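Residues per chain are reported as follows:
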Amino acid sequence: MIPTAFDYARAESADDAVRLLVEHGDDAKLIAGGHSLLPLMKLRFASPAMLIDIGRLTDLSYVRTEGDEVAIGALTRYCDLVTSETIATEAPLIGRAASLVGDQQVRHRGTIGGTLAHGDPASDLPGAVLATGGSLVAQGPSGRRTIEMADFFRGFFETALQPDELLVEIRLPRLAGRGYAYEKFVRRANDWAIVGVATVDGRVALVNMGQTPLRANKVEEALRSGASAADAAALAAEDTSPPADMHAGEEFRRHLARVLTKRGLRKAGRD
């Protein structure tokens, strides 16, 4: 299908993007790589009257260490996460998840900020970032504010970002040397995860097991109590509401969550 007609503006800076969001209100949407928004527009699930292009704001594309955190610009592409030495050392789970997103074309255009702001519970990076922890920085007309990662995802395709805010940075704890893994089950290599599991340093997050990416709290509690990987993984589907669709039913997804969690925990060094 063809999207409905829309106007287009290219933001010259983060401040300019916020100004345009305020000016056009609910009729405006931000676009960078476009892999999340454009399919919705083609299906007419989204019909913004104004597209604000932030894809060329180079000052929001970076990976660097700052104290005990890794700072990632929201417009950092997946391919840059995969090849970053800083990510490989300090936040390797993020690089691993980014390497499994889509195909080469998607990884060279898609951005970490875009996928987080989109809030799709089946996406790889939201689950990986949730497992890693940390916080997000949003910029709006009143300046910048910090949102804890645990508070960011609110519902299906819903986040804590306000309509006039732009996600500008992701801040993650430095986890050099900690065990990690990202496991996902797909029908084809570049598909969305039917179920995914991200784990690092004893934290576990589930992909496509509810309306948002989820922390597997029962698994984490069991690990802290000294449970084995197998015993902890048996609790992975607790307190989840997996979808049922043409790809998998609820019970199959619960089974996958347990299997992938056990596999991920063992790869991360939890026996």
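Counting of residues starts from 1 at the beginning of each chain's written sequence and follows it residue by residue. Local features in a predicted model are, by the rule used here, given only for residues with pLDDT of at least 70; side-chain atom pairs are given and counted only at 80 or more, and totals for whole chains, interfaces and linings are based on all residues. Remark: hydrogens and water are excluded; side-chain values derive from all non-hydrogen atoms of the structure.

Asker: So, the packing of aromatic side chains: which residues are in play, and what are the values?
Answerer: Stacked, tilted and edge-to-face pairs are distinguished by plane angle, under 30 degrees for stacked and over 60 for edge-to-face with tilted covering the rest, among Phe, Tyr and Trp rings (Trp via its six-membered ring) whose centres lie within 6.5 Å. The full count for this structure, using the stated rule, is three aromatic pairs. Measuring from centroid to centroid gives 5.2 Å for Phe152 and Phe153, while their planes differ by 80 degrees, and the two rings are edge-to-face. Each member of the pair Phe152 and Phe153 is classed as buried. On the numbers, 4.4 Å between centres and 75 degrees between planes, the contact of Phe156 with Phe157 is edge-to-face. Here's how the labels work: a residue is buried when its accessible area is under 20% of the maximum for its type, exposed when over 50%, partly exposed in between, all with a 1.4 Å probe on protein chains only. According to the relative accessible area criterion, Phe157 is partly exposed, its value standing at 33%. Here the guanidinium or amino end of Arg64 rests over the ring plane of Tyr62, the centre of that ring lying 3.8 Å away. Throughout this description, the term charge over a ring refers to an Arg CZ or Lys NZ atom that lies within 6 Å of the ring centre and within 35 degrees of the ring normal.

Asker: Tell me about the environment of Ile54, and please be specific about residues and values.
Answerer: Under the DSSP-based scheme used, a helix requires at least four consecutive residues in state H or I and a strand at least two consecutive residues in state E, with every element numbered from the N terminus. Note that Ile54 resides in the loop between strand S3 (50–53) and strand S4 (63–66). Judged by its relative accessible area of 6%, Ile54 falls in the buried class. Residues Ile54 and Arg10 lie 44 residues apart in sequence; the distance between their C-alpha atoms is 6.5 Å. When checking whether two residues touch, look at their non-hydrogen atoms; a contact exists if any pair is within 4.5 Å. Leave out the neighbours within four places in its chain, and Ile54 touches Ala11, Ala17, Leu30, Ile31, Ala32, Leu75 and Leu166.

Asker: Any chance you could break down the sheet that holds strand S12 (residues 195–200) for me, citing the residues and the numbers?
Answerer: The four strands are arranged S11-S12-S13-S14 in an open sheet whose pairing can be described as antiparallel. The two strands at the open ends of the sheet, each matched to only one other strand, are strand S11 (180–185) and strand S14 (214–215). Strands were regarded as paired on the criterion that DSSP finds at least two bridges between them. Relative to S12, S11 runs antiparallel, the two being bridged by six bridges. From the neighbouring strand, Glu183 faces S12, where its bridge partner is Val197. Packing against the sheet, helix H5 (residues 92–99) makes contact with S11 and S12, and its axis sits at approximately 20 degrees to S11. Orientation is described by lines fitted to C-alpha atoms, with helices fitted over the stretch in contact, and by angles between N-to-C directions that extend from 0 to 180 degrees. Against the sheet, helix H11 (residues 250–267) engages S11, S12 and strand S13 (203–207), with an angle of about 150 degrees to S11.

Asker: Describe the pairing of S12, and please don't skip the residues or the numbers.
Answerer: Counting buried positions along S12 yields six of six residues, so the element is predominantly enclosed. Bridging between S12 and S13 involves five bridges; their strand directions are antiparallel. In the strand pairing of S13, Gly196 is matched with Val207. Between S12 and S13, which pair antiparallel and follow one another directly, the connecting turn spans two residues, one of which, Asp201, has a positive phi of 55 degrees.

Asker: Lay out helix H9 (residues 217–224) with the relevant residues and their values.
Answerer: Turning to H9, its buried residues are Val219, Glu220, Ala222 and Leu223. For H9, the buried positions fall inside an angular range of 160 degrees around the axis, keeping them on one side. Those residues of H9 hidden inside the fold are in contact with S13, S14, helix H10 (229–233) and H11. Backbone geometry just after H9 places Gly226 at a positive phi near 95 degrees. The arc in question is traced by the directions running from the helix axis to the C-beta atoms.

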